[in-house]
Amino acid sequence: LETRPTPKPKPPAKKDANERGTASWYRTKRALVAAHRTLPLGTKVKVSTDKGRSVIVTITGRGPFIKSRTIDLSSDAFKTLASLGTGILRVTLQRI
């Protein structure tokens with residue numbers, strides 16, 4: 001009987017490591033929150049655009065479920081970066 005080695009979990013991202021990707025938004029009654037696939041729940045993240053706008057959000061859920069997207073922002077958080085009609089944005093994420 002042959003067993004496969006158990007894959008090692010990824011180490012937690014360094015606090016100062018930046019992640020580039022695409023942000024989308026979802027409606028929520030909460031204020032400045034977001035969903036991310038791997039960051040620990042409760043993590044604070046600074047989300048910045050190339051135009052110099054930024055917002056600090058707390059990771060409260062898992063997602064996005066569209067592979068090409070990196071983070072789902074609450075509508076309130078997204079509106080601080082761009083109008084909701086923009087739909088998606090290129091962003092940089094930084095754990096704080």
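Look a little higher up for the structure.
Residues numbered from 1 in each chain as written. Predicted model: local features only at pLDDT ≥ 70, side-chain atom pairs only at ≥ 80, totals over all residues. Heavy atoms only, no water.

## Points about the overall build of the chain
Part 1 of the argument: Along the chain, the regular secondary structure elements total 1 helix and 6 strands.
Part 2 of the argument: What you see in the chain, going N to C, is helices and strands ordered as β-β-β-β-β-α-β.
Part 3 of the argument: The burial tally for the chain puts 38% of its 96 residues in the buried class.
Part 4 of the argument: Relative to all contacts within the chain whose residues are 6 or more apart in sequence, the contacts with residues 24 or more apart total 71%.
Part 5 of the argument: Put simply, the chain shows about 6700 Å² of open surface, and 54% of that area lies on carbon and sulfur atoms. (Helix = DSSP H or I, 4+ residues; strand = E, 2+ residues; numbered from the N terminus. Buried < 20%, exposed > 50% of the residue type's maximum accessible area, 1.4 Å probe, protein only. Contact = heavy atoms within 4.5 Å. Areas by Shrake-Rupley, 256 points an atom, 1.4 Å probe, with all protein chains shown as cover.)

## Quick word on the environment of Val91
Part 1 of the argument: In this fold, Val91 is placed in strand β6 (residues 89–95).
Part 2 of the argument: Counting along the chain gives 71 residues from Val91 to Arg20, while the straight-line C-alpha distance between them is 5.8 Å.
Part 3 of the argument: In this view, Val91 contacts Glu19, Arg20, Gly21, Thr22, Ala23, Val47, Ser48, Thr49 and Ile71; residues no more than four positions away in its chain are not counted.

## Brief notes about the pairing of strand β2 (residues 33–36)
Part 1 of the argument: Of the two faces of β2, the one holding Val33 and Ala35 and the one holding Ala34 and His36 are both buried throughout.
Part 2 of the argument: Across 3 bridges, the pairing between β2 and strand β4 (residues 54–61) is parallel. Directly across from Val33, in β4, lies its bridge partner Thr58.
Part 3 of the argument: As paired elements, β2 and strand β5 (residues 71–74) share 3 bridges and run antiparallel to each other. Bridging from a neighbouring strand, His36 pairs with Ile71 of β5. (Pairing = 2+ DSSP bridges.)

## Regarding the side chain of Ser75
Part 1 of the argument: Mapped onto the fold, Ser75 is located in helix α1 (residues 75–81).
Part 2 of the argument: Of the residues examined, Ser75 reaches a relative accessible area of 6% and is grouped as buried.
Part 3 of the argument: What Ser75 contacts, discounting residues up to four positions off in sequence, is Trp25, Tyr26, Arg27, Thr28 and Leu84.

## Description of the environment of Gly61
Part 1 of the argument: Here Gly61 is to be found in strand β4.
Part 2 of the argument: Gly61 gets classed as buried once you look at its relative accessible area, which sits at 19%.
Part 3 of the argument: As for Gly61 and Pro40, which are separated by 21 residues in sequence, their C-alpha atoms are 9.1 Å apart.
Part 4 of the argument: Gly61 has contacts with Ala34, Ala35, His36 and Leu41, leaving out every residue within four places of it along the chain.

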